[in-house]
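# An overview of the molecular structure
Spelled out, the chains give:
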Amino acid sequence: MGYVAVTGGQKAIEAADQLNLWYRLKDTEHSLETTDIEKQLRHLVDRVMSESGLYAPNYAALAIKQAEGDLCEAAFLMRAYRSTLERTYESLTIDPGRMRVIRRISSAFKDIPGGQILGPTMDYTHRLLNFSLNHENSAEMMNILREKVPDLKLSQPPVFQKVAKLLREQGLLFPPKSSGTLFDITRDKLSFPAPRSAKLQILARGETGAMTALAYSNMRSHIANHPTIGELRVGYAEVTIAYPLDASESICLGEIMITEVETINAFERDEQGEVKLRLGYGLTFGQNETKAIAMAILEQSLETEGPSPTQDEEFVLLHVDSIEANGFVSHLKLPHYITFQSKLDVLRQTQKIATATADKKRQINAQKEGQNDAGKAETNI
Amino acid sequence: MQAKLKQTYNYAFLDEGSKKEIRRATLKAVAIPGYQVPFASREMPIGRGWGTGGLQLTLSLIGDHDCLKVIDQGNDDSVNAISIKKLVQSCTQVKITTDSERATLIQTRHRIPEVPIRADQILVFQVPLPEPLRMVEAKERKTKQLHAEMDYSGIWLRLYEDIVKWGKVSIGADYPALAHKRYIFAPSPIPRYDLPKLHQADGLFLFGAGREKKIYAIPPHTDVEPLAFEDYPFEVEHFDGCSCRRCGSTDTFLDELYDETSGEKFYQCSDTGNCQKRQEMRQADL
Ligand SMILES: [Zn+2]
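Residues numbered from 1 in each chain as written. Chains lettered and ligands numbered in written order. Predicted model: local features only at pLDDT ≥ 70, side-chain atom pairs only at ≥ 80, totals over all residues. Heavy atoms only, no water.

## So, the packing of helix H9 (residues 196-204) of chain A against helix H11 (residues 289-302) of chain A
All names here are of chain A. Heads up, the rule is: Axis definition: a line fitted to C-alpha atoms, over the contacting stretch in the case of helices. Angles run 0 to 180 degrees between N-to-C directions. The numbering of helices and of strands both runs from the N terminus, where a helix is a DSSP run of H or I of at least 4 residues and a strand a run of E of at least 2. Orientation is classified from the angle alone, with under 35 degrees giving roughly parallel, over 145 giving roughly antiparallel, 65 to 115 giving roughly perpendicular, and any other angle giving oblique. Here is the rule for handedness: rotate from the far helix to the near one, and if that takes an anticlockwise turn smaller than a right angle the crossing is left-handed, while a clockwise turn gives right-handed. The criterion used for residue contact is that any of the two residues' heavy atoms lie within 4.5 Å. When residues are grouped by polarity, Ala, Val, Leu, Ile, Met, Phe, Trp, Tyr, Cys and Pro land in nonpolar, Asp, Glu, Lys and Arg in charged, and all others, Gly among them, in polar.
At a minimum axis distance of 10 Å, the contact between H9 and H11 shows a crossing angle of 150 degrees. When the interaxial angle is binned, H9 and H11 end up roughly antiparallel. Remark: the crossing between H9 and H11 carries right-handed chirality. Contacts from Arg196, Lys199, Leu200, Leu203 and Ala204 in H9 reach Lys291, Met295, Leu298, Glu299 and Leu302 in H11. Classifying every residue of the contact of H9 with H11 gives 6 nonpolar, no polar and 4 charged.

So, in structure tokens, the structure goes:
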């Protein structure tokens, strides 16, 4: 026997790999271009980047192609790649107040400085299948759009003041809670109670569906908890690092698209007796609006105490990660012959005990009946 | 794929800093038998819950002089074992074996090989749920405190309730045990049959839980006592009168199988490497 035996298991895996390729390509004339995925399936790419915690649109597109559109699998591919990358630099803090906005709305105030910008959204589009997309002429469409869509870079003011800043200036807001030092969830195991920075990191890369469901449960079961969106903004923010030779200088590495949400919740009284509002905060890679809102709701809910599952940090933080949840639920597909054998053994032993106990009871009852009969017989005499 | 991995990824996949960090956590685990040491588990290219904790331990320890054996359910040829071996081979030059006595490093899911682990060998377990107290306490914050205060009344009560309800302890695999009279630990879902092999052994046993981000260890010559009562002693699985259809063994852990055509029940060694060796010995005797 050699060291590396070719075995049934190995052959099965190779065949499965080939079948994946076969099923991806068998009924198609051409392979999907990753640039098409990247540019035309924006929300898919954004979601994968957000859930993997890696901002790389072209890699996300590749992952989506490789995973044949399985979002969890795509986020997993990205996360596994990310975990091998060295940390070369830490970026300087990004100020979303300075981002190049493409969309911003407020449900709290009608008029906000700079105005509301609806931007690209499907919120008010009727959900009717657009059959003309079956035969879309993209060149023709682009010609029409070029005339209609203004060049945002030129027509917009560069930055919009944050709505939160207005409230803060009027003394209506508590300052954000800060744990001081920055916890890194990829470099330390989380312990409880979790610092705020760790909570925000976990939520920022949480699974969209899981977070939406939890946030929905929070809103639905607690009528009082109906936050108002102070501001939701989507746009591009610059990522900069300190210049290695002179920390007072910084270098811009490029732009990332982010969604930021600040929710206004019920007012609170702090230890000094001051009554103010507390903001809920959500931030995600890409345009992921529902997730960002859900994040703000959950983040705020975790700051309060009560019986709701969303106020339980272990419940929320340990279960919203796509990679962990999917991995563990799907591991049930692995063989469990040994554990099942062991369980069967316990069951059979327990059955034996149960049968023995039942037999014994029957015997005792029979004896009792016998004695009773004997008693009856005696009285009959 | 394999050639590509070698170029783009570090030796043994993880970067050296990460490996060092995992080894440090491992040293701490060895120093405190049964204590769950937290570590910053990395995302691996296999699923969380599919052996990423064991894999990280293996990769943090492995060098080209090593000889690796990987088993799942005792079987070298199980698809998950093959998949893990394939990954390790694609980023190292280690030798692979199915012979547990030849291996320096053995990664396992759900079994301990039949031949006892020697002092120069390390057995790495893949652990799905490292917290033995989770069955009685849902919160990590609380279980940590229970361990610290050695407050194990909850789990003892659970065993007692089992006896009242079923007439015996109903835990199958992953049977909790006390490490060196201090920490109760989860031996991973090995059968009860394997649990006594951890007691006062010569080899080093390392446990890695990737998703739960914990490492713990049973170092050589450590007392490992399965939780039991004097009048309800610990029992291993029963294979009375059964023997392996292939090698004839009556003293190994057996898989229960059913014949495809006749539907008849038969038994076969779960440790396939050992069974193979015994078959060869039996043939040589004939
Ligand atoms: Zn056998």
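Next comes the rest of the write-up.
## Some remarks on the sheet that holds strand E3 (residues 246-269) of chain A
Residues and elements named next belong to chain A. Heads up, the condition is: Two strands pair if DSSP finds at least two bridges between them.
Read from one edge to the other, the open sheet built from 4 strands follows the order E1-E2-E3-E4, with strand pairing classed as antiparallel. At either end of the open sheet lies a strand with only one pairing partner, and these are strand E1 (100-105) and strand E4 (275-285). On average, adjacent strands in this sheet sit at an angle of 30 degrees to one another, irrespective of strand direction. In this sheet, strand E2 (residues 228-243) lies alongside E1 in antiparallel orientation, the contact comprising 5 bridges. The residue of E2 that forms the bridge with Ile105 is Leu232. Along the sheet face, H11 touches E1, E2, E3 and E4 and points at about 140 degrees away from the line of E4.

## A closer look at the coordination of the zinc ion
Residue and element names in this part refer to chain B. Note the following rule: In this listing, donors mean N, O and S atoms no farther than 2.8 Å from the metal, or 3.2 Å for Na, K and Ca; water is missing from the atoms, so a site can look incomplete. Four donors are marked tetrahedral only if all angles between them lie between 85 and 135 degrees, whereas four are marked square planar and six octahedral if opposite donors are more than 155 degrees apart and the other angles lie between 65 and 115; the remainder are marked irregular.
The protein atoms that coordinate the zinc ion are Cys244 (SG), Cys247 (SG), Cys269 (SG) and Cys275 (SG), at distances of 2.1 to 2.4 Å. If you look at the zinc ion, its 4 donor atoms make angles of 105 to 118 degrees with each other, and the shape they trace is tetrahedral. Here the donor residues of the zinc ion are spaced in sequence according to C-x2-C-x21-C-x5-C. A residue pair is termed long-range when its members are at least 10 positions apart, and Cys244 in the loop between strand E10 (224-226) and strand E11 (254-258) and Cys275 in helix H7 (residues 272-285) qualify at 31 residues.

## Some remarks on the domain arrangement of chain B
All names here are of chain B. Applied cut-off: Domain delimitation in this document rests on an assignment produced automatically or drawn from a domain database. Joining two parts hides part of their accessible area as seen by a 1.4 Å probe, and the buried area is that hidden amount summed over both. The salt bridge definition used is simple: a Lys or Arg side-chain nitrogen within 4 Å of an Asp or Glu carboxyl oxygen. Polar contacts, as used here, are pairs of N or O atoms within 3.5 Å; protein pairs need one atom able to donate a hydrogen and one able to accept it. Residues neighboring in sequence count only if both atoms are side-chain atoms.
Considered domain by domain, chain B is made up of domain 1 (2-135 + 146-225) and domain 2 (238-286). Counting residues at the interface gives 14 residues for domain 1, matched by 9 residues for domain 2. Taking both sides of the interface into account, the surface hidden between domain 1 and domain 2 amounts to around 930 Å²; carbon and sulfur atoms contribute 46%. The three residues of domain 1 that bury the most area against domain 2 are Arg111, Glu114 and Tyr193, which together make up 43% of that side's buried surface. Run the count over domain 1 and domain 2 and you get 2 salt bridges. Asp99 serves as the salt-bridge partner of Lys277, at 3.1 Å between the closest nitrogen and oxygen. Counting every contact that joins domain 1 to domain 2 gives 9 residue pairs in polar contact (both at pLDDT 80 or more). Across the side of domain 1 that touches domain 2, the residue classes tally to 4 nonpolar, 4 polar and 6 charged.

## Describing the environment of Pro193 of chain A
Counting through the fold element by element, Pro193 of chain A comes out in the loop between helix H8 (163-169) and H9. Each C-alpha atom of the pair Pro193 of chain A and Glu313 of chain A lies 7.7 Å from the other, and the pair is 120 residues apart in sequence. Each residue touching Pro193 of chain A, except ones within four places of it in the same chain, is listed here: Glu313 of chain A together with Arg141 of chain B.

## What about the nonpolar core?
To keep it simple, the criterion reads: We call a set of buried residues a nonpolar core when its members are Ala, Val, Leu, Ile, Met, Phe, Trp, Tyr or Cys and they connect through side-chain atoms within 4.5 Å of each other. Relative accessible area decides the class of each residue, using a 1.4 Å probe on protein chains only: under 20% of the type maximum gives buried, over 50% gives exposed, and in between gives partly exposed.
By size, the foremost hydrophobic cluster in this structure holds 33 residues, and its most contacted members are Phe125, Phe185, Leu198, Phe205 and Phe207 of chain B. Secondary structure elements with two or more residues in this core: strand E5 (122-126), helix H6 (153-166), strand E6 (177-179), strand E7 (183-185), strand E8 (204-209) and strand E9 (214-218) of chain B. Look past the residues within four positions of Phe125 of chain B in its chain and what remains in contact with it is Gly54, Thr108, Arg111, Ile112, Pro187, Ser188, Ile190, Leu198, Phe205, Leu206, Phe207 and Gly208 of chain B. Listed in part, the 31 residues of the second largest apolar core include Leu334 of chain A together with Leu14, Ala25 and Val88 of chain B.

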